[in-house]
Amino acid sequence: MLIEKKDVIVQLNGCRLTVRVVKDIEAIITDPEDEDKIPLWADIWPAARGMAKYIWDYVNFNGAETLELGAGVGLAGVAAALKDARLTVTDYNEQALALTQENLRLNGVDNAQSFLGDWRNFTLKNRYKWIIGSDVLYDPKLNYYIKDIIKTNLEPGGQLLFSHPGRKPTYDFINYLVSEGFIEKRVEIPVQIDDPFFPYYNILVHHLEQREGGV
């Protein structure tokens, strides 16, 4: 299927990124009854904008191995790579990973790795200093599998970044992580998008660091 795209400009503090997204998302929906076939990956979600802003303003990865869950079109991953992350982007959809890599190259990043994997059967065994995800903790049924990914793929003493627009399942998951040995810092990032009905969002970014002996 030929996918028509458009470019969106994202302004960070002193940095202008170009992010390519799907122009007509409804045109690529093949089965609206199958959740796995809804192309949630095809646009920039407000949480990804908040994550990118937080990374750009507050994080330097210093060459650390970094895993992004649910990369989508790749905005947060682009910001992370430009802040010196040795990035591996993951998604369960091949088209999403192709678009993520296209956006990385579009913004001068040509050394990011890709991994095609479903959280429900995640076979990646490498460990990472950082795991990041934008609005990925929205479904308790899937959050169960993300717990296992963190246990398997986060280095001891590693760090997590999760962003969302205020979803209860995300708060519940973060509270679980804190109860299991993570120290949390929470920051609210204002985001404005080009939408006549819902232009303003307050995105929550949870920055968690694992205590010794944690999950």
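Residues numbered from 1 in each chain as written. Predicted model: local features only at pLDDT ≥ 70, side-chain atom pairs only at ≥ 80, totals over all residues. Heavy atoms only, no water.

Caption draft 1: Main features of the overall build of the protein. A tally of regular secondary structure across the protein gives five helices and nine strands. Taken from N to C terminus, the helices and strands of the protein fall in the order β-β-α-β-α-β-α-β-β-α-β-α-β-β. Taking 17 Å as the expected radius of gyration for a compact globule of 215 residues, we find that the protein reaches 16 Å, a close match to that expectation. Projected onto the principal axes, the alpha-carbon positions of the protein cover approximately 50 × 40 × 35 Å. Among the 215 residues that make up the protein, the fraction classed as buried is 51%. In the protein, once contacts between residues fewer than 6 apart in sequence are set aside, the share between residues at least 24 apart is 65%. Counting only carbon and sulfur atoms, one obtains 46% of the accessible surface of the protein, whose full area is about 10,900 Å². (Helix = DSSP H or I, 4+ residues; strand = E, 2+ residues; numbered from the N terminus. Rg over C-alpha atoms; globule rule 2.2 N^0.38 Å. Buried < 20%, exposed > 50% of the residue type's maximum accessible area, 1.4 Å probe, protein only. Contact = heavy atoms within 4.5 Å. Areas by Shrake-Rupley, 256 points an atom, 1.4 Å probe, with all protein chains shown as cover.)

Caption draft 2: Molecular detail of unusual backbone geometry. Phi angles above zero are rare outside glycine, and Asp84 is one such case at about 75°. With respect to the helices and strands, Asp84 occurs in the loop between helix H2 (75-82) and strand E4 (86-91).

Caption draft 3: View of the environment of Glu102. By secondary structure assignment, the location of Glu102 is in helix H3 (residues 94-106). Placed 41 residues apart in sequence, Glu102 and Phe61 show a C-alpha to C-alpha distance of 22 Å. Apart from residues lying up to four places away in sequence, Glu102 is in contact with Lys5 and Arg20.

Caption draft 4: Region of interest: a nonpolar patch on the surface. Together, Leu40, Trp45 and Tyr138 make up a nonpolar patch on the protein surface, roughly 280 Å² of accessible area in all. Among the structural elements, Leu40 can be located in the loop between strand E2 (15-22) and helix H1 (46-58). (Patch = residues over 30% accessible without salt bridge, like charges linked within 9 Å, V, L, I, M, F, W, Y side chains within 5 Å. Salt bridge = Lys/Arg side-chain N within 4 Å of Asp/Glu carboxyl O.)

Caption draft 5: Highlighting the sheet that holds strand E9 (residues 200-210). Strand order in this open sheet of seven strands is E5-E4-E3-E6-E7-E9-E8, and the pairing throughout is mixed. Strands with a single pairing partner mark the edges of an open sheet, and in this sheet they are strand E5 (113-116) and strand E8 (182-192). Neighbour-to-neighbour, the strand axes of this sheet turn through a mean angle of 20°, independent of strand direction. Here strand E6 (residues 128-134) runs beside strand E7 (residues 154-164); their pairing, made up of six bridges, is parallel. Bridge assignment links Trp130 to a residue of E7, and that residue is Gln159. (Pairing = 2+ DSSP bridges. Axes fitted to C-alpha atoms, helices over the stretch in contact; angles between N-to-C directions.)

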